[in-house]
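Fold and contact review
If you want the building blocks of each chain, they are given just below.
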Amino acid sequence: MNPELTEWTGPLGLPRFDLIRDADFAPAFDACLKLAEEAVEAIAANPEPPTFQNTVAALETAEEPLNRLCAVFYTLAGVDSNPAREDLQRQFAPRLAAHGAKTSMDPRLFDRVEAIHQDRDELAPQDQRLTELTLRGLRRSGAGLTGAARARMAQVRERLAVLSTDFAQNVLADERDFTMAVPDDRLSGLPDWLLRAMRAAARERGLPGQIVTLNRSLIVPFLEYAEDRALRETAWRAWTARGDGSGAGGAKTDNRPIAAEILALRHERATLLGYADFASYKLEPEMAGNAGNVEALLKQVWTPAKARAEADAARFTQMLHADGVNGALEPWDWRFYAERRRKAEHDLDEAAVKPYLTLDAMIGAVFDTAQRLFGLEFRPFDAPLWSPEVRAWEITRDGRQMAVFLGDYFARPGKRSGAWCSSLQQQHHIGAGQRPIVVNVCNFTPPESPGAPAYLSWDDAHTLFHEFGHALHHILSQVDWPSISGTSVARDFVELPSQLFEHWLEQPEVLDRHARHAETGAPMPAELRDRILAAGNADQGFATTEYLESALVDLAFHTGTPPADPMARQAEVLAELGAPAAIPMRHATPHFAHVFSGDGYSAGYYSYMWSEVMDADAFEAFLENGGAFDPATAARLEEWILSKGDSLPADELWLKFRERKPGVHALLKGRGLLTDVS
C-alpha cells in the first residue's frame, strides 16, 4: 500500500499528491477497509464491560486509515475526475455502504452504547453529547432491526450508494461533454471580458473560436448578455437538460429512472424504521423538526417572492415585445432582460465592475475580514497538490496554528460543477489533538493567460465569501471529538456561518479597502460601489422563486408516498404553486445533485432558507451592537456558533448567541421583499 494515502508527509501534514497514482487506490482501499472492519469488530466483541472509552471513544478512531484514504480519494474525484477514478467510485460505493451498514446496524455495538447512555450523567458534557449522538445514529441506521427487515435495510443502503454515485457521474458527464460554438457573426451584446473567457475555454479544449460550456461562471453571463435569442435558448436548454437523457451521453446519462428508484428506496428505508415517510425520518433530528414547519417557512416567503417575480415578468415581457418578439417571455429571456434593467436602473456595466473584483483582491477581502473578526493570520506556502492552480495557506492566531487552508478556484474539465467546502482532516482534542485541513472548491472562469488577473462577478465574490464561511466553521472548531467538530451539525444549521459571512462582502469599508482596479490599483469609486450595493436585490423575485421551487419540490418528493414519475410530480408541485412559467426550478430533478448525489440535502434543500432566517438575524446582532466588526459580537459568534460544532443542539447554540428565536422579518427585509418595513 502506498503509505502516502494514510500517513501524509507533505508540508504541514498535507498528503503528497504528487506521489499518489490512481493504481494505488484499489489495494489501499482493500487494506484500509480490512483494518476498519477488524477495529470495529474488536470494539463490538470486547469482553470487557462497556465504557465510554472502550466503545464510544474507540469508535471515533477505529476507521482512521480508511477515513484518510477516502478524504484523499473523494477530494480528487470531485476536483479532477477521470475514467479511472469514476470506475473506482463505482467499485468503492457499494463496499463502503456495506461496511457502514454492518457497523451501524451491529446489535452488539447498539447494546454497548445503550448501556453507556443509561449512565451518561457521569460523563463529561461533550462525552454525553457524543454518546447520545452515537446511540441516535445506531437507532436511525437500523441497529434495532432483526431478521428480514435487517437484511433488507443493508440491501437498501448499498443500492442507494450505487445510485447516488451513478447520478453524480451522469451529471458530470453531461457537463463535461457539452460545448456550444458561437460563430463570429453571432457575438452581438457579448462584452469583451466574456468573449475572452469563451475563447480561453475553447483553447483549453483545443477548439477554434469561442465556445460556451456548462460552467456556471460562463453560461450565466452568456444568458445575460447574448442578444442572439436562438443561441440563448440552445445554451439554456443544454444547461437545464443535464442528466435527463437528451445530452451527449444520451440514455446512458438519464437520471430520471435513477431519481425514481432513489426516492422509492429512501421511503422504504424510512418505513423499515417505523417512520411515515422519508421526510419524517430525515427532519426528526433537524432544527425544523417536521415537514409542516419547513413548508410553513417556505410558503411564508413564497408569497412575496412570487408577487415580485410576477411584476418583473410583466415588465420583461413588455421589453421583449418592444424588441419585436411577440411571443411569451421564456426562461432563456429572463436573465437577458434582468441584466438590461439592472444596467438601465443602476447604470452598471459589468466590464467596469470586474476589474475591481479580481480573485486576488477578493481573497484579500476574505482574509482581512477573518482577521478583523477573529484575529486569524494567513501565510501562503508551497505544497505538491492535485493541480498547480491550487493555493495553500497556514492559518495561525497568536502564533498558534489553527488550520491549513487550500483553495481550488478555477473551472476545468473533469471538475464537478458548483462550489463546496470539505475537509481532508477534522479538528479534535484526542491525544495531542489535531487541527483541520480545509478545502474550498469553486468554478470561477480562469484568467486568460498565466499570470493574468482572474476576474470575478459579484455573484462569484459572494460564493467566495460563502465557502470561506463554511471554512471558518472548521478553522475555529474547538471540540473534543472529530465526529462533532466543524460543520458536523444539523443540516439546517450548517449554512448559517457560510451565509452570514457573505454579509461582510457588502460592507462599504470592505469594498473600499479591497476592491481595487487590477491595472491602476485605484480603489473602486464610491458611486460605483453604491450602485453595486443598490442593485443587490434587483432580481430577488427570480432568485428567491427559483430556489423555493426546488426546495418545495424536494420536500414533496420525500413527503408521503414517493412518486413513480418524479418529473410528473415536479410538474404537479410547480402547477400547484402557480410558479411563473419563465422561472423554472434552480435545480431540475435530473441534475438536482444536492438531493440525489447523496442524502446530505435530501428533504433538506430548504435548509438554505432556514439558515438565512438565522443569518439575517445574526448580522442584525452586529449592527445593533456597534457595527459589522463589533468585537464583542464576533467573540460571541465564535464562542457559541463557530467553535462548538455539534457539542450542543443547534437551537441551544443559537439561543446562547442571540438570546431569542429568529424571525423571518430580517430575511424578507434583506432580500428586499418587504414593501413596507416598519
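These numbers come from a predicted model, not from an experiment. (Residues numbered from 1 in each chain as written. Predicted model: local features only at pLDDT ≥ 70, side-chain atom pairs only at ≥ 80, totals over all residues. Heavy atoms only, no water.)

Another point: the overall build of the protein. Scanning the protein for helices and strands turns up 27 helices and seven strands. A globule of 678 residues ought to have a C-alpha radius of gyration of about 26 Å, and the protein, at 25 Å, matches this closely. Taking the principal axes of its C-alpha atoms as reference, the protein extends roughly 80 × 55 × 55 Å. The proportion of buried residues among the 678 residues of the protein is 57%. Considering only residue pairs separated by 6 or more positions, the protein has 73% of its internal contacts joining residues 24 or more positions apart. Surface exposure of the protein reaches about 26600 Å², of which carbon and sulfur atoms provide 51%. Looking at charge distribution, the protein has the averaged site of its 69 positive side-chain charges lying 1 Å from that of its 98 negative ones. (Helix = DSSP H or I, 4+ residues; strand = E, 2+ residues; numbered from the N terminus. Rg over C-alpha atoms; globule rule 2.2 N^0.38 Å. Buried < 20%, exposed > 50% of the residue type's maximum accessible area, 1.4 Å probe, protein only. Contact = heavy atoms within 4.5 Å. Areas by Shrake-Rupley, 256 points an atom, 1.4 Å probe, with all protein chains shown as cover. Lys, Arg positive; Asp, Glu negative; His and termini not counted. Charge placed at Lys NZ, Arg CZ, Asp CG, Glu CD.)

Turning next to the nonpolar core. Core analysis: the biggest nonpolar cluster contains 121 residues, and Met362, Leu376, Phe468, Phe493 and Trp504 have the highest contact counts within it. With 10 residues, helix α16 (residues 359–374) is the largest single contributor of residues to this core. With residues up to four places along the chain from it excluded, the contact list for Phe468 reads Val366, Phe367, Ala370, Phe378, Phe405, Asn440, Ile475 and Phe501. By size, the runner-up hydrophobic cluster in this structure holds 34 residues, among which are Ala36, Leu385, Ala392 and Leu406. (Core = buried A, V, L, I, M, F, W, Y, C linked by side-chain atoms within 4.5 Å.)

This part covers the sheet that holds strand β5 (residues 400–410). Pairing within the open sheet is mixed, and its five strands lie in the order β3-β4-β5-β7-β6. Edge positions in the sheet fall to β3 (377–381) and β6 (420–425), since each of these pairs with one other strand and no more. The mean inter-strand angle of the sheet, taken between neighbouring strand axes irrespective of direction, is 30°. Sheet topology note: the β3/strand β4 (residues 391–397) ladder contains five bridges and is antiparallel. Residue pairing in the sheet places Phe381 in a bridge with Ala392 of β4. Against the sheet, helix α3 (residues 64–79) touches β5, β6 and β7 (437–444), its axis set at about 150° to β6. (Pairing = 2+ DSSP bridges. Axes fitted to C-alpha atoms, helices over the stretch in contact; angles between N-to-C directions.)

Glancing now at the packing of aromatic side chains. According to the stated counting rule, one finds 36 aromatic pairs in the structure shown. Judged by centre distance (5.4 Å) and plane angle (35°), the rings of Phe167 and Phe596 are tilted. Remark: Phe596 occurs in helix α23 (residues 593–596) and Phe167 occurs in helix α7 (residues 147–177); sequence separation between them is 429 residues. Looking at Phe596, the relative accessible area reads 0%, which means it is buried. Judged by centre distance (5.9 Å) and plane angle (65°), the rings of Trp654 and Phe657 are edge-to-face. Here Trp654 pairs with Phe657, and both are found in helix α26 (residues 650–658), just three residues apart, close to one helical turn. In this structure, Trp654 and Phe657 share a single accessibility class: buried. Each residue in the set Phe367, Phe378, Trp393, Phe405, Phe465, Phe468, Phe501, Trp504, Phe619 and Phe622 is aromatic and connected to the rest through ring pairs, giving one cluster. (Phe/Tyr/Trp six-rings, centres within 6.5 Å; stacked < 30°, edge-to-face > 60°.)

Now for the packing of α3 against helix α4 (residues 83–104). Where α3 contacts α4, the axes come no closer than 11 Å and their chain directions differ by 145°. Our pair here, α3 against α4, has a crossing hand that is left-handed. For the pair α3 and α4, the contacting residues are Leu66, Cys70, Phe73, Tyr74, Leu76 and Ala77 in the first and Arg85, Leu88, Gln89, Phe92, Ala93, Leu96 and His99 in the second. Each residue belonging to the contact of α3 with α4 can be placed in one class, and the counts come to 10 nonpolar, two polar and one charged. (Left-handed = near helix turned anticlockwise from the far one by under 90°. Nonpolar A, V, L, I, M, F, W, Y, C, P; charged D, E, K, R; others polar.)

Where helix α13 (residues 291–322) contacts helix α21 (residues 540–558), the axes come no closer than 9 Å and their chain directions differ by 150°. As the angle between them shows, α13 and α21 are arranged roughly antiparallel. Here α13 and α21 pass one another in a crossing that is left-handed. Along the contact surface, α13 presents Ala291, Val294, Glu295, Leu298, Lys299, Val301, Trp302, Ala305, Lys306, Arg308 and Ala309, while α21 presents Gly541, Phe542, Thr544, Thr545, Leu548, Glu549, Ala551, Leu552 and Leu555. Its residues placed into classes, the contact of α13 with α21 shows 12 nonpolar, three polar and five charged. (Parallel < 35°, antiparallel > 145°, perpendicular 65-115°, else oblique.)

Quick look at unusual backbone geometry now. If you check the backbone angles, Asp347 has positive phi at about 50° while not being a glycine. With phi around 55°, Ala603 is a residue other than glycine that occupies positive phi space. Position of Ala603 among the secondary structure elements: in the loop between α23 and α24 (607–624).

Next up on the list: α3. At 3.6 residues per turn, the α-helix brings residues three or four places apart onto the same side. With 16 residues, α3 extends 23 Å between its outermost C-alpha atoms, agreeing within 8% with the 22 Å of an ideal straight helix rising 1.5 Å per residue. Counting buried residues in α3 gives 12 out of 16 residues, a clear majority hidden from the surface. Turning to α3, the residues buried within the fold contact α1 (25–44), α4, β5, β6 and β7. (Expected span 1.5 Å × (residues − 1).)

What follows concerns the pattern of salt bridges. Two side chains of opposite charge can pair, provided their charged atoms sit close to one another. Summed over all chains, the structure comprises 52 salt bridges. A salt bridge links Asp106 to Arg108, with the shortest nitrogen-to-oxygen separation between them at 2.9 Å. The class of Asp106 is buried, set by a relative accessible area of 8%. Between Arg569 and Glu576 there is a salt bridge, with its nearest N and O atoms 3.9 Å apart. (Salt bridge = Lys/Arg side-chain N within 4 Å of Asp/Glu carboxyl O.)

Relative to the helices and strands, Pro649 resides in the loop between α25 (631–642) and α26. Here Pro649 falls in the partly exposed class, since its relative accessible area comes to 23%. Placed 520 residues apart in sequence, Pro649 and Arg129 show a C-alpha to C-alpha distance of 8.9 Å.

Turning our eyes to something else, we now look at helix α10 (residues 229–240). Helix length check: α10 (12 residues) gives 16 Å between terminal C-alpha atoms against 16 Å at 1.5 Å per residue, within 8%. Of the positions making up α10, those classed as buried are Leu231, Arg232, Ala235, Trp236, Ala238 and Trp239. Viewed along the axis of α10, the buried residues span an arc of 165°, placing them on a single side of the element. Buried residues belonging to α10 abut β1 (180–181), α9 (216–225) and α14 (331–346). The distance from a side-chain oxygen at the start of α10 to the backbone nitrogen of Ala230 is 3.2 Å, and the residue carrying that oxygen is Asp228. (Arc of directions from axis to C-beta. Polar contact = N/O pair within 3.5 Å; in protein donor to acceptor, adjacent residues only side chain to side chain.)

Turning to the side chain of Asp615, a few remarks are in order. Relative to the helices and strands, Asp615 is located in helix α24. Arg671 provides the closest opposite charge to the buried, salt-bridge-free Asp615, at an N-O distance of 7.6 Å. Within polar-contact distance, the side chain of Asp615 engages the side chain of His503 at 2.7 Å.

Our focus in this paragraph is the side chain of Thr445. Inspection of the secondary structure assignment puts Thr445 in the loop between β7 and α17 (458–475). Within the structure, Thr445 has its side chain in polar contact with the backbone oxygen of Ser217 (distance 3.4 Å). Once residues lying within four places of it in the same chain are set aside, the contact partners of Thr445 are Ala197, Asn215, Ser217, Leu218, Phe410 and Ala454.

One face of the sheet, then the other: side chains in a regular strand alternate in exactly this way. Within β4, five of the seven residues are buried, leaving the element largely enclosed by the surrounding structure. Summarising the sheet, β4 and β5 pair through seven bridges and their orientation is antiparallel. Looking at the pairing, Arg391 lines up with Gly407 of β5. Two successive antiparallel strands, β4 and β5, enclose a turn made up of two residues, where Asp398 displays a positive phi of approximately 55°.

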